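# Inside the fold
Residue strings, one per chain:
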Amino acid sequence: QNRGHELYYYVPTSLSYQDLTVRARVNPIKVQRVTKDHYKLRDSKVVDLSDFDVVWLRQDPPFDMEYIYTTYILEKAEDEGVLIVNKPSALRDMNEKVYTAWFPECTPLTLITRSMTKIKSFLMEHKKIVIKPLDGMGGKSIFVINHNDGNANVIIETLTDYGSRFAMAQIHIPEISQGDKRILLIDGKPIPYALARIPSADDNRGNLVMGATGEGRELTSQDKKICKIIAFFTENFRVKN
């Protein structure tokens, strides 16, 4: 906006494809630095997405079939020359939780399975674990379980839907009490400061919407090492494929 671009806002429910053209109902939008009044929308209109230089795609989970269908439709706009950010096919390929499997040297010991028996064995072996669904967001349905927790079985049954849905289990990292970090990389290079999300005293989760506190922190040497690993892998393997 500061550079003179016109901004428009749309939601996936307004997308349509007909006669080789992707269309959406959009609202012209103005953003502003005003507390509790960050934007103003004008009257909506239907436009061809091919009229835009860039279409940004930032959609919250659940990562369900409607999400997949949205990426299919936006790929047709890509075919018409529109730059879609993030790339629809990349979003389909990269589940934000499963994608960590490509970086085992940077992550806690992890199990992804539908098997309730395997999760229970993982819990007994490591004594304290975190278990979560693969399609969640905002700290929803994330549980910390001790091996002697009387609710462990029902939590595992619920998250796997009695063995019919995948779930992720990880060993518990007590350093979460010091905050987890969101680090932004642009073209493989990290911004020098991270957003550390510090859980509240009565919650294990580092999600701001669940009461965690945000704090800006300079990147540590370990943070920078992780960023280099991810940047190298993305540049040399996943992106080219």
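The following refers to the structure shown. The model shown is predicted, which means the values in this text are computed figures rather than measured ones.

Criteria and thresholds
- Residues numbered from 1 in each chain as written.
- Predicted model: local features only at pLDDT ≥ 70, side-chain atom pairs only at ≥ 80, totals over all residues.
- Heavy atoms only, no water.
- Buried < 20%, exposed > 50% of the residue type's maximum accessible area, 1.4 Å probe, protein only.
- Helix = DSSP H or I, 4+ residues; strand = E, 2+ residues; numbered from the N terminus.
- Pairing = 2+ DSSP bridges.
- 1 Å grid on protein atoms, 1.4 Å probe; cavity = no way out; pocket = protein on both sides within 12 Å on 5 of 7 lines; lining within 4 Å.
- Points joined across faces, edges and corners; volume = space filled by probe spheres on them.
- Nonpolar A, V, L, I, M, F, W, Y, C, P; charged D, E, K, R; others polar.
- Arc of directions from axis to C-beta.
- Contact = heavy atoms within 4.5 Å.
- Expected span 1.5 Å × (residues − 1).
- Core = buried A, V, L, I, M, F, W, Y, C linked by side-chain atoms within 4.5 Å.
- Axes fitted to C-alpha atoms, helices over the stretch in contact; angles between N-to-C directions.
- Parallel < 35°, antiparallel > 145°, perpendicular 65-115°, else oblique.
- Left-handed = near helix turned anticlockwise from the far one by under 90°.

We now examine the pairing of strand S8 (residues 110–113). Of the two faces of S8, only the one carrying Leu111 and Thr113 is buried; Thr110 and Ile112 on the other face are not. Two elements, S8 and strand S11 (residues 167–171), share 4 bridges in a ladder whose sense is antiparallel. Bridge pairing in S11 links Leu111 to Ala169.

The next point concerns the layout of surface pockets. Considered as a void within the structure, the second largest pocket measures approximately 830 Å³ in volume. Residue lining of the second largest pocket: 24 residues in total, with Leu7, Tyr8, Val54, Val55 and Trp56 positioned closest to the centre. Taken together, the residues of the lining of the second largest pocket sort by class into 15 nonpolar, 3 polar and 6 charged.

Quick look at helix H4 (residues 152–160) now. Since one α-helical turn is 3.6 residues long, residues separated by three or four positions face the same way. Every buried residue belonging to H4 is among Ala152, Ile155, Ile156, Leu159 and Thr160, and all of these are buried. For H4, the buried positions fall inside an angular range of 115 degrees around the axis, keeping them on one side. Elements in contact with the buried residues of H4: helix H3 (116–126), strand S9 (128–133), strand S10 (143–146) and S11. Downstream of H4 by a residue or two, Asp161 has a phi angle that is positive, lying close to 50 degrees.

A separate point is helix H1 (residues 65–79). Between its first and last C-alpha, H1 extends 21 Å over 15 residues, near the 21 Å set by a 1.5 Å rise per residue. Inspection of H1 places Tyr67, Ile68, Thr70, Thr71, Leu74 and Ala77 among the buried residues, and these make up the whole buried set. Down the axis of H1, the buried side of the element spans an arc of 160 degrees, and every buried residue falls inside it. Those residues of H1 that are exposed and angled more than 90 degrees off the buried face are Glu66 and Asp79. The inward-facing, buried residues of H1 abut strand S3 (21–31), strand S7 (83–85) and helix H2 (88–93). Where H1 terminates, the next one or two residues include Gly81, which has phi positive at roughly 100 degrees.

The next point concerns the nonpolar core. Tyr10, Leu15, Leu49, Val55, Leu74 and Ile84 are the most contacted members of the largest nonpolar core, which has 16 residues in total. Looking at this core, the elements that each hand over two or more residues are S3 and H1. Setting aside residues up to four positions removed in sequence, Tyr10 forms contacts with Leu15, Ala24, Arg25, Val26, Val55, Trp56 and Leu74.

Attention now moves to the pairing of S9. Counting buried residues in S9 gives 5 out of 6 residues, a clear majority hidden from the surface. Pairing geometry for S9 and S10, over 4 bridges, is antiparallel. Its bridge partner lying in S10, Ile129 is registered against Ile145.

This part takes up the packing of H3 against H4. Orientation of H3 relative to H4, taken along the N-to-C sense of each, is 140 degrees, at an axis distance of 10 Å. One way to sum up the angle between H3 and H4 is to call them oblique. Here H3 runs over H4; the crossing is right-handed. Packed against H3, whose contacting residues are Met116, Ile119, Lys120 and Leu123, the element H4 presents Ala152, Asn153, Ile156, Glu157 and Thr160 at the interface. Each residue belonging to the contact of H3 with H4 can be placed in one class, and the counts come to 5 nonpolar, 2 polar and 2 charged.

By themselves, these are just geometric observations and shouldn't be taken as functional.
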